[in-house]
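The chain contents come next:
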Amino acid sequence: MKYDKVIFVGEDNTCRSPMAETIFRYAFGDEKIGCEVVSRGLVVLFEEPYNQKAEMILYNHGMETVSKSAVQLDAAELAERVLVLTMTFPEKLKIIEDYGFGGSVYTLKEYIGNDDELLDPYGEEIDIYEACFQDMFAAIREVKKLFVKENKEYDDAVNGQNEFSDGIIGNNNT
């Protein structure tokens, strides 16, 4: 499937989900991602700024978030060609159950075939945020590879169908 949008979802969109969005963007560098990339929260009561320690870790690695504050996930964003990557399994279940989304929703690591959960650094010392970053960075490198592969397979399939649309194959005008 080729995705029009990738949404990284966390509980409140102040720590891991914006980190994941930022790392994903930086993983592509100057390459074109080919879709919209955002992060959202499941429980965002007001426009809360991102976690300062998470932002500092990203900054230490030469990365900066696009947005600066939490945004609530809106059910209208959940469409057929949207890839949703959650930080935890309970967040995935909430999207399926509360939002009724049966599309492409995975935990970040589940998407790449790993059942481990991401480390939750919230409220911890800076070294735990760094460990979370390293874990997430390694996972997102694999997410990028799979994402690019799936998009290429989709494009190849679409282009393969178009190769025969010129009427040459199967033309009985002899």
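Thresholds, definitions, all that
- Residues numbered from 1 in each chain as written.
- Predicted model: local features only at pLDDT ≥ 70, side-chain atom pairs only at ≥ 80, totals over all residues.
- Heavy atoms only, no water.
- Pairing = 2+ DSSP bridges.
- Helix = DSSP H or I, 4+ residues; strand = E, 2+ residues; numbered from the N terminus.
- Axes fitted to C-alpha atoms, helices over the stretch in contact; angles between N-to-C directions.
- Contact = heavy atoms within 4.5 Å.
- Buried < 20%, exposed > 50% of the residue type's maximum accessible area, 1.4 Å probe, protein only.
- Arc of directions from axis to C-beta.
- Salt bridge = Lys/Arg side-chain N within 4 Å of Asp/Glu carboxyl O.
- Parallel < 35°, antiparallel > 145°, perpendicular 65-115°, else oblique.
- Left-handed = near helix turned anticlockwise from the far one by under 90°.
- Nonpolar A, V, L, I, M, F, W, Y, C, P; charged D, E, K, R; others polar.

Let us look at the sheet that holds strand 1 (residues 5-10). With respect to topology, four strands assemble into an open sheet ordered 2-1-3-4, the strand pairing being parallel. Of all strands in the sheet, those bounded by a partner on one side alone are strand 2 (36-41) and strand 4 (104-107). For this sheet, the mean angle separating the axes of adjacent strands, direction not counted, is 20°. Direction of pairing for strand 3 (residues 82-86) relative to strand 4: parallel, over a ladder of four bridges. In the sheet register, Val84 faces strand 4, and the bridge partner there is Val105. Lying on the sheet, helix 1 (residues 16-28) is in contact with strand 1 and strand 2; it crosses strand 2 at an angle near 170°. Sitting on the sheet, helix 3 (residues 89-98) is in contact with strand 1, strand 3 and strand 4, with an inclination near 160° to strand 4.

What follows is about helix 3. Of the residues making up helix 3, those classed as buried are Glu91, Lys92 and Ile95. Along helix 3, the residues classed as buried sweep out an arc of 105° about the axis, all on the same side. Residues Pro90, Glu97 and Asp98 are exposed on helix 3 and point more than 90 degrees away from its buried face. In this structure, the buried residues of helix 3 make contact with strand 1, helix 1, strand 3 and strand 4. The positive-phi residue at the C-terminal boundary of helix 3 is Gly100, with phi of around 65°.

Opposite charge on two side chains lets them pair, provided their charged atoms get close. In the structure shown here, the tally under the stated rule is 14 salt bridges. For Glu55, the salt bridge identified is with Lys68, shortest N-O distance 3.5 Å. Here Glu55 is found in helix 2 (residues 52-60), whereas its partner Lys68 is found in the loop between helix 2 and strand 3, with 13 residues between them in sequence. The salt bridge involving Lys109 is made with Asp135; its shortest N-O contact spans 2.7 Å. Of this pair, Lys109 sits in the loop between strand 4 and helix 4 (126-163) while Asp135 is found in helix 4, placing the two residues 26 residues apart along the sequence. Residue class for Asp135 comes out partly exposed when judged on its relative accessible area of 24%. Put simply, Lys5, Glu36, Arg40 and Glu77 are held in one network by salt bridges that share partners.

Glancing now at the packing of helix 1 against helix 2. Look at helix 1 against helix 2: their axes get within 10 Å of each other, and the N-to-C directions meet at 15°. Accordingly, the angle class assigned to the pair helix 1 and helix 2 is roughly parallel. Viewed along their axes, helix 1 and helix 2 form a crossing whose handedness is right-handed. Facing Met19, Thr22 and Ile23 of helix 1, the residues of helix 2 in contact are Ala54, Ile57 and Leu58. Residue composition of the contact of helix 1 with helix 2, by class: five nonpolar, one polar and no charged.

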